[in-house]
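# Summary of the model geometry
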Amino acid sequence: MNIYDCIIVGAGPAGLSAAMHLAWHNRRVLVLDRRTGPLFFTLTKLENVPGFAGQTGVQIMKSLRTQAINMGAEVKRGNVISITGEFTDFTVKTQKDEEYKAKTILLATGIARYHPTIDGDYKRCLAFAAKCNMFYCPDCEAPEIADKDTLVIGTGNSAGAIGTAKHLWLHTNKIDLLLTSDSAISDENQVWLNDNNIKLHRAKITALEGKKGCLDAVVLDNGARLEHEAFFVSAPKLPRTDLAEKLGIRTTKSGHVEPKSQRGDTNIKGVWIAGDLRPMTQQVSVSLGTGNIAAVHIDQFLAKR
Ligand SMILES: Cc1cc2nc3c(=O)[nH]c(=O)nc-3n(C[C@H](O)[C@H](O)[C@H](O)COP(=O)(O)OP(=O)(O)OC[C@H]3O[C@@H](n4cnc5c(N)ncnc54)[C@H](O)[C@@H]3O)c2cc1C
């Protein structure tokens, strides 16, 4: 069986950036991905990714993937369900019973975000999520809503949603807040809402109205119909740590995988992490950078041995 120098789990910006560096340095590298990363579905233009001005998530993913493959990386579709073994002899298995061997592993599995649900179903959001005027990432997208009448939709606790509203307040002072959970509001946050005349709705969503990816209104179970120019989802984010934890890698209190150093190495020899899985802001350029850092050190680590 072929033994790869490195198998990368996750073909988002972090995994593909790492694959490029390793392939460029003549390392045998395989990237496995089940294609659930956000950029595979993002049709809005990303304005803050250096070198990709105004390209959509889908276009950026295509460019990165093509560059990695042209460098010599193998990129395959596959849902990795287990990684066993140790440095120089890891075995990676996919849901379809494919098995691959590698000397080292890079986990670039990203984070899962909780969309708003309608009757418990999040899939109805996918017609609008990241397609036109429904945003998710304040660090990346807050300027998109400049001066727009915006509804912040909080799917988790009130502190997270109000934190998002405060961040967006720097860009627009036309904000309403919808909390779909019954999470209590702290006195301090209540004062902030009152001081800024932010209208608070507490209800479940029963329908999303709009067309061609653009959301017009959110309909609530109390009969209200909230029409806005922009919608910003504040959702809990869960790092995809299942594979890391099974390998024995430590996690932080925030649920992220804990790197041993800025290189992205971990307490398990031969296993690195990169991208959103690391405990820092979630941005494409950060993922590209941490993917590259991990790959540089994987290459050097292999060279020394
Ligand atoms: C709606 C939205 C808009 C955004 N807009 C911007 C923006 O404008 N600018 C910006 O800088 N950032 C933006 N971001 C953030 C950016 O998308 C992320 O920071 C970036 O994609 C993280 O890259 P990553 O490679 O770490 O992980 P991801 O892109 O999440 O990729 C991880 C990949 O790993 C795969 N995977 C996970 N587990 C397994 C497994 N067991 N087996 C196989 N594959 C697996 C997933 O399917 C996924 O494809 C946005 C995010 C969202 C949700």
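So, here is what we can say about the structure in this document. (Residues numbered from 1 in each chain as written. Predicted model: local features only at pLDDT ≥ 70, side-chain atom pairs only at ≥ 80, totals over all residues. Heavy atoms only, no water.)

## A closer look at the site of the ligand
Close to the ligand lie 35 residues, the nearest being Asp33, Thr36, Asn48, Asp276 and Val284. Taking proline 13, its main chain carries an N or O atom lying 3.2 Å from an oxygen atom of the ligand. A distance of 2.8 Å is found between an oxygen atom of the ligand and a side-chain nitrogen or oxygen belonging to aspartate 33. Per-domain counts for the shell around the ligand show at least three residues from each of domain 1 (3-112 + 237-304) and domain 2 (115-234). (Near = heavy atom within 4 Å. Polar contact = N/O pair within 3.5 Å; in protein donor to acceptor, adjacent residues only side chain to side chain. Domains from an automatic or database assignment.)

## As for the side chain of glutamate 141
With respect to the secondary-structure elements, glutamate 141 resides in helix α3 (residues 138-141). Buried charge glutamate 141 goes without a salt bridge, the closest partner of opposite sign being arginine 113 at 6.8 Å. A polar contact is formed between the side chain of glutamate 141 and the backbone nitrogen of tyrosine 136, at a distance of 2.9 Å. When residues no more than four places from it in sequence are discounted, the contact partners of glutamate 141 are Thr44, Phe135, Tyr136 and Phe232. (Helix = DSSP H or I, 4+ residues; strand = E, 2+ residues; numbered from the N terminus. Buried < 20%, exposed > 50% of the residue type's maximum accessible area, 1.4 Å probe, protein only. Lys, Arg positive; Asp, Glu negative; His and termini not counted. Salt bridge = Lys/Arg side-chain N within 4 Å of Asp/Glu carboxyl O. Contact = heavy atoms within 4.5 Å.)

## Observations concerning the sheet that holds strand β11 (residues 150-154)
If you walk across this open sheet you meet the five strands as β10-β17-β11-β12-β13, and the pairing is parallel. Only two strands of the sheet have a single neighbouring strand rather than two, namely β10 (134-135) and β13 (199-202). As judged from the four bridges shared by strand β12 (residues 175-179) and β13, these two strands associate in the parallel manner. Counted as the bridge partner of leucine 178 is histidine 201 from β13. Seen against the sheet, helix α4 (residues 158-169) touches β11, β12 and β17 (230-234) and runs at an angle of roughly 165 degrees to β12. (Pairing = 2+ DSSP bridges. Axes fitted to C-alpha atoms, helices over the stretch in contact; angles between N-to-C directions.)

## Examining the nonpolar core
Counting residues in hydrophobic clusters, the biggest one holds 35 residues, and the most contacted among them are Ile8 and Leu106. At the level of elements, β1 (3-9), α1 (13-24), β2 (29-33), α2 (57-71) and α7 (284-304) are the ones that each hand at least two residues to this core. In this structure, leucine 106 is in contact with Cys6, Ile7, Ile8, Val9, Ala18, Trp272, Ile273, Ala274, Ala294 and Ile298, ignoring residues within four places of it in sequence. (Core = buried A, V, L, I, M, F, W, Y, C linked by side-chain atoms within 4.5 Å.)

## Concerning α7
Taking 1.5 Å of rise per residue, 21 residues should cover 30 Å, and α7 covers 30 Å from first to last C-alpha, within 8% of that figure. What α7 keeps buried is the set Val284, Ser287, Leu288, Thr290, Gly291, Ala294, Ala295, Val296, Ile298, Asp299, Phe301 and Leu302. Buried residues along α7 sit against β1, α1, β3 (45-46), α2, β8 (99-107) and β19 (271-273). (Expected span 1.5 Å × (residues − 1).)

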